[in-house]
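Read off the chains here:
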Amino acid sequence: MGAFIKLDDSPMFQKQIYSLEQTTEELKDRCQRLYKGCKSFIGALGEACNGDTTFADSLEAFGGGQDDPVSVSIGGPVITKFITAFRELASYKDLLRSQVEHVLIDRLMQFLSVDLQDAKDSRQRFDKTIHAYDQAREKFASLKKSARDDIVAELEEDLHNSKSAFERSRFNLVNALMNIEAKKKYEFLESFGAIMDAHLRYFKLGYDLLSQMEPFIHQVLTYAQQSKELANIEQDKLAKRIQEFRTQAELHHLEASSNAGALTTAAGINGVTMSSYKNIETIMLSTAKGEVQTIKQGYLLKRSSSLRADWKRRFFVLDSRGALYYHRFKGTKTSGSQPFQSTSSAEHIHNNRVFGRFRPRHHRTSSLGEENLGCHTVDLRTSTIKIDAEDTDLRLCFRIISPAKTFTLQAENEADRMDWMKKITGVITSLLNSHLQQLNPGKNDVENNSPTGVSCDVRALDNHENSSDDMKVKRADCVSQILQEIPGNDLCAECSAPEPDWASLNLGILMCIECSGVHRNLGVHISKVRSITLDVKVWEPTILDLFRTLGNAYCSSVWEELLLLQNHGMNGSNALSVTKPCPEDAIHQKEKYIQAKRCTLFN
């Protein structure tokens, strides 16, 4: 239906204007509501764009784009590609937001602020011209017949001008309303079509991007599923190992508890049973094949050598190489020398095409080794073990005594203490026998050749360079037998401990391992300490002749007499101010006595 077919100023014309104005007012209300909705939509698109960017940034901070071992382990190189995709989608969303803002918001604002406002302004001008036209018409109609011609002409001209202004404002209002009527038929459809086209382009760009990534996404999902299955398998294996470990620990505890009573005496500790020694020796022989096994490991309390003498919990490991070492943690939150990861899992990660080019660089750093632990080794080759502590009132203690240092350790229970001592003693025995076997490769059974059963010819020993192979094999046993047959050499020259197996080459005496440690601290210019069983090559005939001449009995009589005379001159009495220690005395008492004798000889 056409509008304003007849342009005469009539009630029908006024009705059409009124109808269009009602439509325009309703359209204005709808446009305002649409504008608010568009602003919310723009805000949502902006938040979504910012959300994508923030999510991409958080993925990057989580591990994507980083090249450290943790990032690689959680799939950092793969996440990097996802980060790039999310940022690309965020740029598409930002483009959509700008298109919606330009095509819809700007045009809607233009319609509200220009077109609808123009109709409103036209209506106001039209109302003014109607009022002016009505006044001019009333003035002209109220003229009397006797009115002067000039007044009639003036009012007639005003009436003509006001009518012309009325006509112009009437048609301006019509044009403004018809402009709105025309634009509403295409303006909004055009904007909405452009918005839909922008969405189409947005989703098409996203689809193209994700379509290109689809094979990669499926590959990652397949890899993740395989990793999940491997992880479940490893978790099951770990659960079985934990159960086996707990069962073995319980059985071991029961076995150790049942054997603890038989090992409480010193003889039970110092003498390892043949079956126990054989088991330990079998384990230690596996090291020659490159198979290092753990004989025993666990926590022990170690007494500090500082003045405070406080106790610290340390993790000790006794392995098949004969090494006893303990770890001191350096603040890293790690347990064990390396994290648990199966070989199959590592190979799966390494060989997978997704991660293959990233894994080799960090495969070596995926484990936390002993560089994070302070590792300290106890030399068992020159050590002995005792069942007590220096303080006799301490429970569950034992000592590992070496020439360099004495380690005082405390177990959690009696069974654990006995088990530690039994296995450490067995390792020491195996190490000594291994050393003797190296001197005589043809000796297959160490325990069948007791030192008491060896016949030693001193002259043959003096000519050992030209002797037969059998005489060279017996050389170590001969040295021990010769030295221990010298008067006084069956006891330590310092504390009278039985069967001393260490010697001072320049002083001509034998001593126990504890006193040998004190002699080592004196320095080689005062006492040159050697083992009578390990350091076989130093026992030349001239050295043996020196020990035959001297010996513990003769040397002790001379030094103790000198110490007695020195104390008598200082104190005016015959009582010794420094008494000779016993084997059970603390190491500091033995050190005090040896230092006192040193002063009588070298001062």
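This one's a predicted model, so the numbers in the text were calculated from it and none came from an experiment.

Colleague: Looking at this model, I keep getting lost on the packing of helix 3 (residues 76-141) against helix 4 (residues 149-183). Mind explaining?
Modeller: Helix packing for two helices is described by the angle between their axes and how far apart those axes are. Following both chains from N to C, one finds helix 3 and helix 4 inclined at 155 degrees, their axes separated by 8 Å at the closest point. The orientation of helix 3 relative to helix 4 falls into the category roughly antiparallel. The hand of the helix 3/helix 4 crossing is left-handed. Considered class by class, the residues forming the contact of helix 3 with helix 4 number 18 nonpolar, six polar and 11 charged.

Colleague: Hey, could you run me through the sheet that holds strand 8 (residues 502-504) in this one?
Modeller: Pairing between the strands of a sheet comes from backbone hydrogen bonds, and it takes one of two forms, parallel or antiparallel. Taken in spatial order, the three strands make up an open sheet running 9-8-10, and their pairing is antiparallel. One side of each edge strand has no neighbouring strand; the edge strands of this open sheet are strand 9 (509-511) and strand 10 (529-531). Direction aside, neighbouring strands of the sheet carry axes that sit 35 degrees apart on average. Sheet analysis places strand 8 next to strand 9, joined by three bridges and oriented antiparallel. Bridged to Ala 503 within strand 9 is Leu 510. Packing against the sheet, helix 14 (residues 513-522) makes contact with strand 8, strand 9 and strand 10, and its axis sits at approximately 120 degrees to strand 9.

Colleague: Could you clarify how one ought to interpret a nonpolar patch on the surface in this entry?
Modeller: A cluster of nonpolar residues, Tyr 554, Val 558, Leu 562 and Leu 565, forms a patch on the protein surface that exposes about 350 Å² of accessible area. Following the sequence through the fold, Leu 565 ends up in helix 16 (residues 551-571).

Colleague: Any chance you could explain the pairing of strand 1 (residues 294-303) here in plain terms?
Modeller: If a strand is regular, its side chains alternate between the two faces of the sheet. Pairing analysis gives nine bridges linking strand 1 to strand 2 (residues 311-319), with the strands arranged antiparallel. Residue pairing across strands places Tyr 299 opposite Phe 315, the latter belonging to strand 2. By the bridge criterion, two bridges tie strand 1 to strand 7 (residues 406-410) in an arrangement that is antiparallel. Within strand 7, the residue paired with Leu 301 across the bridge is Gln 410.

Colleague: Just to check I follow, could you spell out helix 3 for this structure?
Modeller: Since the α-helix turns once every 3.6 residues, residues separated by three or four places project in the same direction. Taking 1.5 Å of rise per residue, 66 residues should cover 98 Å, and helix 3 covers 94 Å from first to last C-alpha, within 8% of that figure. Considering bend angle alone, the principal kink of helix 3 is centred on Gln 117 and spans about 30 degrees.

Colleague: What am I meant to see in the confidence of the model for the protein chain here?
Modeller: One rule of thumb: low pLDDT means the predicted coordinates there are not for detailed reading. In the predicted model, the protein chain carries a mean pLDDT of 78, and the fraction of residues at 70 or more is 76%. Note on residues 461-469: pLDDT under 50 across the span, and 12 contacts to partners over four residues away in sequence or across chains.

Colleague: I would appreciate a short explanation of the nonpolar core in the present structure.
Modeller: A general trend in soluble globular proteins is that nonpolar side chains are found buried together. Counting 41 residues, the largest nonpolar core has Ile 17, Cys 31 and Phe 111 as its most contacted members. At the level of elements, helix 1 (11-62), helix 3, helix 4 and helix 5 (187-260) are the ones that each hand at least two residues to this core.

Colleague: What's the story with the pattern of salt bridges in this structure? I'm lost.
Modeller: One pass over the structure, following the stated rule, counts 27 salt bridges. Across the salt bridge formed by Lys 204 and Asp 208, the nearest N and O atoms sit 3.4 Å from each other. A residue pair is termed a helical-turn pair when its members lie 3 or 4 positions apart in one helix, as Lys 204 and Asp 208 do in helix 5 at four residues. A salt bridge links Arg 313 to Glu 412, with the shortest nitrogen-to-oxygen separation between them at 3.7 Å. With a gap of 99 residues between them, Arg 313 in strand 2 and Glu 412 in the loop between strand 7 and helix 10 (414-439) connect regions that are remote in the sequence. Judged by its relative accessible area of 49%, Arg 313 falls in the partly exposed class. In the salt-bridge network here, residues are joined through shared partners; they are Lys 296, Asp 416, Asp 419 and Lys 423.

Colleague: Is there a simple way to think about the packing of aromatic side chains in this case?
Modeller: Scanning the entire structure with this criterion turns up 10 aromatic pairs. For the pair Tyr 299 and Phe 315, a centre-to-centre distance of 5.1 Å together with 70 degrees between the ring planes defines the contact as edge-to-face. Residue Tyr 299 is located in strand 1, and its partner Phe 315 is located in strand 2; the two are separated by 16 residues in the primary sequence. One aromatic cluster is present, formed by Phe 111, Phe 188 and Phe 192 through successive ring pairs. In this structure, Arg 170 packs its charged tip against the face of Phe 171, placed 4.3 Å from the ring centre. The ring of Tyr 299 carries Arg 313 above its face, with NZ or CZ at 3.8 Å from the centroid.

Cut-off values and rules
Residues numbered from 1 in each chain as written. Predicted model: local features only at pLDDT ≥ 70, side-chain atom pairs only at ≥ 80, totals over all residues. Heavy atoms only, no water. Axes fitted to C-alpha atoms, helices over the stretch in contact; angles between N-to-C directions. Helix = DSSP H or I, 4+ residues; strand = E, 2+ residues; numbered from the N terminus. Parallel < 35°, antiparallel > 145°, perpendicular 65-115°, else oblique. Left-handed = near helix turned anticlockwise from the far one by under 90°. Nonpolar A, V, L, I, M, F, W, Y, C, P; charged D, E, K, R; others polar. Pairing = 2+ DSSP bridges. Contact = heavy atoms within 4.5 Å. Patch = residues over 30% accessible without salt bridge, like charges linked within 9 Å, V, L, I, M, F, W, Y side chains within 5 Å. Areas by Shrake-Rupley, 256 points an atom, 1.4 Å probe, with all protein chains shown as cover. Salt bridge = Lys/Arg side-chain N within 4 Å of Asp/Glu carboxyl O. Expected span 1.5 Å × (residues − 1). Bend = angle between axes of the 7 residues up to and from the residue. pLDDT = per-residue confidence, 0-100. Core = buried A, V, L, I, M, F, W, Y, C linked by side-chain atoms within 4.5 Å. Buried < 20%, exposed > 50% of the residue type's maximum accessible area, 1.4 Å probe, protein only. Phe/Tyr/Trp six-rings, centres within 6.5 Å; stacked < 30°, edge-to-face > 60°. Lys NZ or Arg CZ within 6 Å of the ring centre and 35° of its normal.

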